[in-house]
Each structure stands twice: as structure tokens, then as C-alpha cells.
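# Residue-level structural notes
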Amino acid sequence: MALFSKTHTRALTGALLAGSALTAASPAWAQAAGENDDDIIIVTAQKRSQNLQDVPVAITALGTEKLEELNVSELQDVVKFLPSVTIQTLAPGFSQVYFRGVASGENANHSASLPTVGTYLDEMPITTIQGALDIHAYDLARVEALAGPQGTLYGASSMAGTIKIVTNQPDYSGTYGAMDVEVNSVAHGGVGGTVEGFANIKLTDRAAMRIVAWYRHDAGYIDNIPGSRTYPTSGITQTNARLVKDNYNDVDTYGARMALGIELNDNWTVRPTLMGQVQTANGSFAQERSTAVTGDLQTVQYNPEYSRDEWLQAALTIEGKIGNWDLVATGGHLWRKDRVESDYSDYSYFYDALYGYGSYFYDNNYDLISPNQYIKGGDKYRRAFGELRIASPSDAPIRFIGGVFAQRQRHEITQNYIIDDLTDLFVVTGTGSDIWLTRQTRIDRDYAAFGELSFDITSKLTVTGGARYYKYKNSLVGFFGYSANYSSRTGEAACFAGPIVPGSPCTNLDKVTSDTGAIYKANVTYKITPDVMVYATFSQGFRPGGINRRGTLAPYKPDDLNNYEIGWKTKFGPVTFNGAVYQEDWNDIQLSFLGANGLTEIRNAGIARIRGVEADFNYRSGGLSLTLAGSYNDATIRKDFCRIANPAFDCTYDPGDGRTNALLASAGTQLPVTAKFKGNAVARYEFPLGSWEAHFQGALAYIGKRRSDLRDTENGIKGFFPSYTTLDLSIGAKKDNVRWEIFASNIFDSRGVINSGVQCLETTCGDPDGISSTGGVFYDTVIKPRIIGIKAGFDF
């Protein structure tokens, strides 16, 4: 990321505040010294430009300079300094984000639930099933993290919170730019680096263009070491000799953004934006738990591991005034395409060891073949959205903001599970050598009308009420499964129509679910002094229901979150202290897990309660700045979680259809993935060094122990994610338009686990409780090892 000179930052902030009622840049992260503009951070959490200290919402905002100071280059770097946010990732482009412990262990399957957290790029929602876009963090005005339900203004998939990524807009004040380069070395790995730059071009006094481009190479640090295995049934030995490589999980990311700003007159502004990125990731990002074969940052993979994620976003925002009311019309399209290759040989090996799986697989000559299995998959997303809203004058005693919203996302799903040289008898019709094929189209549609009304009862007391009426309609159609010769009950044998989705042999799934409803918000805010504010909020959020692709299961319903919150925003000279205490009730939880044949099942089975507190303390005086931030969340389920959900009975209920019930998690069990405590501390000292302005900074981050799975037995097998601490250090200086910095991240070289998995753990291994007595290979996705680097840049 480029460091903006303060002159450029102030010019940009002023230009945006003058030209837009909804967008403004922020030069710092909740700085709190003095009364000048550099100490104010402007946010748009309530879709108006406001001082962060005046917004009665639990919000953390990292501005341009702070993102640079913390060496943020991707979403995972940001989350480390957001106390209420947790990230769970498998690889670049495959991350799920959670707020305040609202997580049930979703597996992010293509046919599963939508995320609980909404992600916005400027005005556009960019949340997809597999997670948020992995946007390279460069030339950003700020990142806003809005904790708690944001459903009134932001709608579906903002049930637990919202992350807003706000880019710097074109600046009419002048022509300038920056260029930054970085070289780094990863402990136990290779060498990486970044080249990035931007140019702001003044076209006229009322028009400007901003062009941004970046390239980043992230060095690998996982070694794919030599290995072999012999399949028990056939006696065929498999090796990975052709794939052995050190540091084989390297990543290349490149992209660009072009934005145009045109002031048509004093009241109307048009801003078209085009942004795209390509990210190619090699290898696996998980280490195998240490065995006699593998050690630290090592794995043994027998098939290629690869992903390529491409996306392009085109958006248009028109802002203007009708009388003294502000009007905003915004819309956009997002095109996303990914290709994935994955090793699935663990499944083949352990299933063969358990059931003699390999004896079923032979070629056209009836000779046994290797049951080695691998996946080639791909996804195509098409999202279109539009929003029209109006807002009354922000200085009036009665204020209104409201509008209408619509979006449609189409997701084309392809997954080929391949066994080479498989007999034509078992190959899914129309494929090369697929033992299993998934070829589906999913469409999610959302429509809403929303509004909030605020009334200043006195100069100090304000009440606000809001509502959002929504309608959703979601569908899933296509094919999944085996050939008719391999399975007489599933796949082609279960088809009831010819192919609807191109590339499928026939159709065995075609379902639609829809619903309408409303969610509400109420807030009371009291300003004790101009710098001390307290508030109380009740807010609701929801997540749409969807389709279970197993035909015998009904669609799953929406789940919802009720938030009861008391918060404060305070400033005392060079100190700011903000925080909130809250209780969140999560109802009809959409619990997802792997059922029979490894198919994801989702059902509304449970309620949970989250009680917590979050706070941040900031001090800035002279050259010293200190930040302390943390959150504590006690997130537990409130009733027993049973294998067969039935609200009228407990886990001893017998459905009488041959299935058996069982207790999977007891009431009081902690929700998975998120820690009870998470915190960070940042200290920075700026001082003169001759004619240079120098700085030294340390950033400490801690995350506590977490469950890996809600279910007790599965959590016992995979284990808890241990707590871990990271320390980042940097020292650098700047003079005029030149700057340099030496930095080190994860000084302790921690192996913090952020995800864990094992093939052959679930019912794909045949055990009715989802547990395999034959074992399996455990994989832990860990944070990046220690990185030491140097970066330099200049403004022009």
C-alpha cells in the first residue's frame, strides 16, 4: 500500500466531503489528539458521512495511513486488528468471516448457507457463497467493521455484521500519484514481493480519474515431501514423485482499478468504477499434523493442488440533490470465475482400507486400477445489484434515510471427481472419467425496502427507529451423483428429467424456496457532553433460507439474530475510549454438516446466546500513539443439538423410520471457530532523525483457544485450535516525497491454526456417527510464518 502524503490525504478528504454526502476519506484510525481535521475519521456506517465518534454503532475503522502502518495487504491482515472479527480460511479466495462468535462451523459448500457477514466494496455487496473477495489492500480510504446486525440498512447476509472496503475516489484538486515496492523473505520459505502504484489525474476542475495497479508474489512455505501409499485391495502403489517441491504454495496476485469522478454541476456527481483481479495459488496451505513422515510445514499430496480466482466489478454511483434532500442511485455487476484442482486420494485410501473400496474400480478390460481420486472444479458467479435511496438534511431535527434494494446472484457449479482409466460402465454419462459429477445452477434473489427515522428530542437526546421489509427467492437445479451402473439409488438413477443445466446427463434436483418478512431497529442516543456519548440499541438481522440438495430433505428456513446492546463513545483530550456490551440471541440456526455420501446437509436446529463486551482505547500525544482493543464473547448453544431435529422432543426421540437419534452437542457448548477473547495492542513512536521523520512500531495480536467443531465427538477428534500470539515490528523514515521501512511480521514464528480438516472423518467413511476408526490425515491451515522485508516508495 502507498503512504499518502498528508497534503494529498487532506486534499482528498476535503474534495470528497465537499462533493459527496456519502463518501469521505479518513487519514487515520480513531486518532484522538487535538481538534484538527487530521484527528477525525469519517465513516459511512449509516450511509451518511459522519464522525466515527458520533455514530451510535460498534464500529472499528482503519484508515489509509493505519492500513499502511500495519502492513496490511489482504483481508486476513485486516482481521488481525479487528477485535470482534474472526477469519477462517482454507486458501486465498476461500475465506469465511465471523463477528462476535456468530459461527456454527459452516463448511462453505456451494449448496450451503450464505455467510453471516456481508462484505461491501464501496456501495456494492460482494459476498459470495465461498466467501469474501480476497482484495489486495492498496489505495484504500478505509476498512470499516460494523459489529452486530446491520440488517436494516444492509440487508441479507449482514446478520452478524458488515465489512465495508472503501476505495479512494478521484480527487479534483490536482494530479499526483505514488509508487511502492517491497521485497520480503518468508521463514522456512521463499522470497516474495510487491509492486503497486496509483495516479490521480485532474482532467478539469470538475472531473478527475484515478488509476491503480498492483502485482504481489507471496512466497510459498509448505513443502510437499516424498511419499507413497499402497492401496490394500489392489496392491497398487502410488507415489507423489512428480509433485515433490519445497515452498510449493506460492501465490501471484495482480489487478487494477480505474475510477472516474465527474461533477455535472454543484449538486450532481457521477462516479463509474471498474476493478478486477486475478489470483493464482499453487499447492495446499495446510500442514499435516506431525507424524513419522511429516514435520513442520510439510505435507504429502499425491495430486495437483491449484486454484485460480478471477473477478471483475463494474459499478456506477450517481449522487445529487432534489431540493435539500440527497439522492443516491447506485448499481453494479460482479463477474467471478474460479478453477480449482484438489487432491482427494486420502478419501480413496482410507475408504479402501475400511471397505475394500478399490475392488469396485477397474478399466474396460476388467483389470483393477488405482482408486486414486482427484477433483477438478469451477465456479462462475454473476451478481447484479441496484439501490436507490434518499436522505433528508443531516442537520435537521428530524432525519430520514430510506430506499429500495434488489440483487440477483447466479452461481454455476461444476465439480468433477475423477478416477483415471475408470471403466465406461461407472463413468457419469457425458464426462471423461468422472466417478461423481456435480453440475448445478444456484440463483439467489433479494428484494427490500428500508428506512430509518431519527428525531432529536433535545439537543442531547436522539431516538431512531428503522425497518426493512424483505423478500427472497432462492433456487437450485441440476445434477449430482454417480452413474446409474454404479449406484441404483442416487445420481443418474434418481433423475426425473432430462438435462436442464448444460453439461449434466440429466436432472435429479430442481427446487425453489422463498419467503418474506421484516426486521427492525430501535436506538436511543444521549450526548452527555459533545465528546461523551452513550447509546442503547435493539437491532435484528437475518440470513435467507435455501435448498438442501439431498432430495429427501426440506429446504432450510431463514435464521435470525436479535441484538441488545449498550455502548459508549468518549474522548478526553488525547484519549478516546469506545466500547459496547451486548447480548445476541441467534434463532433457528442454520447448522451445516456432512451427511451420508458426503453430502452437505443444512437444517434449522438450535438457538444460541452470545454475551460479550468489546472496547478500544486510543492515546496520541506528540509522537507517541497507543492503541488497545479487545473483545470477549461467551457464545453457547441454549438447547441440545440432536442428529434428528424435532423441536417437540429431546435427543431420545425415535422417528420410527429406521434412523436413530443421538446427542451431538449439549446445551451450553461453546460455538466453534471463534475465541472467547481476542485482543491487540499497537504502539508507535514518531521522531525526527536529522532531516527525516522516523518511526518505530510494534503490534501485538492474540487470539484464544477455539473449538474446531460444534459436535462433541468431531471436536474431540480434530481437537481445539490452540491460542496464539503474533508480534509485528517495523522501523522506517520519510522525507519529502520519499519513504522506506524495514518490517518483520510474526516475529515469534507462530503456527497459529485458523482451520483444520481431515478426509475420511465424516460419514463418507461409513460410520453412522461420522467417525472413522481407520483414522485419516489431519490438516491444519496455519498463519504465515515469520516474514522479514523492506519496502520503499515515493510520491509524485
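Please refer to the structure placed before this passage.
None of these values were measured; they are calculated from a predicted model.

A few words on the overall build of the protein. Check the secondary structure of the protein and you find 6 helices and 42 strands. The burial tally for the protein puts 62% of its 796 residues in the buried class. Accessible surface computed for the protein: about 29300 Å², of which carbon and sulfur atoms make up 58%.

Take the side chain of Asp309 next. Tracing the chain through its elements places Asp309 in strand S20 (residues 306–322). Within the local environment of Asp309, its side chain forms a polar contact with the side chain of Arg336, the two groups lying 2.8 Å apart.

Take the packing of aromatic side chains next. Tallied over the full model, the rule gives 26 aromatic pairs. The interplanar angle of 45 degrees and the centroid separation of 4.8 Å between the aromatic rings of Tyr482 and Tyr486 together place this pair among those described as tilted. The partly exposed category is assigned to Tyr486, whose relative accessible area is 23%. Taken together, a centroid distance of 5.6 Å and an interplanar angle of 15 degrees make the contact between Tyr685 and Phe687 stacked. The exposure class assigned to Tyr685 is partly exposed, which follows from its relative accessible area of 44%. The partly exposed category is assigned to Phe687, whose relative accessible area is 25%. The aromatic ring of Tyr582 is capped on one face by Arg100, whose charged end is 3.7 Å from the ring centroid. Directly above the aromatic system of Phe480 lies the positively charged group of Arg549, at a separation of 5.4 Å from the ring centroid.

By size, the foremost hydrophobic cluster in this structure holds 83 residues, and its most contacted members are Val85, Phe99, Ile135, Trp586, Phe641 and Leu671. The greatest single-element share of this core, amounting to 5 residues, is contributed by strand S8 (residues 140–147). Those residues in contact with Val85 that sit more than four places away from it in its chain are Val79, Val97, Tyr98, Phe99, Ala145, Ile163 and Lys678. Tyr417, Val427, Ile435 and Leu476 belong to the second-largest nonpolar core, a separate cluster that totals 21 residues.

Mapped onto the elements of the fold, Tyr306 is located in strand S20. Along the primary structure Tyr306 and Ser284 are separated by 22 residues, whereas in three dimensions their C-alpha atoms are 7.7 Å apart. When neighbours within four sequence positions are excluded, Tyr306 is seen to be in contact with Thr280, Ala281, Asn282, Gly283, Arg339, Val340 and Glu341.

Calculation notes
- Residues numbered from 1 in each chain as written.
- Predicted model: local features only at pLDDT ≥ 70, side-chain atom pairs only at ≥ 80, totals over all residues.
- Heavy atoms only, no water.
- Helix = DSSP H or I, 4+ residues; strand = E, 2+ residues; numbered from the N terminus.
- Buried < 20%, exposed > 50% of the residue type's maximum accessible area, 1.4 Å probe, protein only.
- Areas by Shrake-Rupley, 256 points an atom, 1.4 Å probe, with all protein chains shown as cover.
- Polar contact = N/O pair within 3.5 Å; in protein donor to acceptor, adjacent residues only side chain to side chain.
- Phe/Tyr/Trp six-rings, centres within 6.5 Å; stacked < 30°, edge-to-face > 60°.
- Lys NZ or Arg CZ within 6 Å of the ring centre and 35° of its normal.
- Core = buried A, V, L, I, M, F, W, Y, C linked by side-chain atoms within 4.5 Å.
- Contact = heavy atoms within 4.5 Å.

All we've got here are geometric facts, nothing functional implied.
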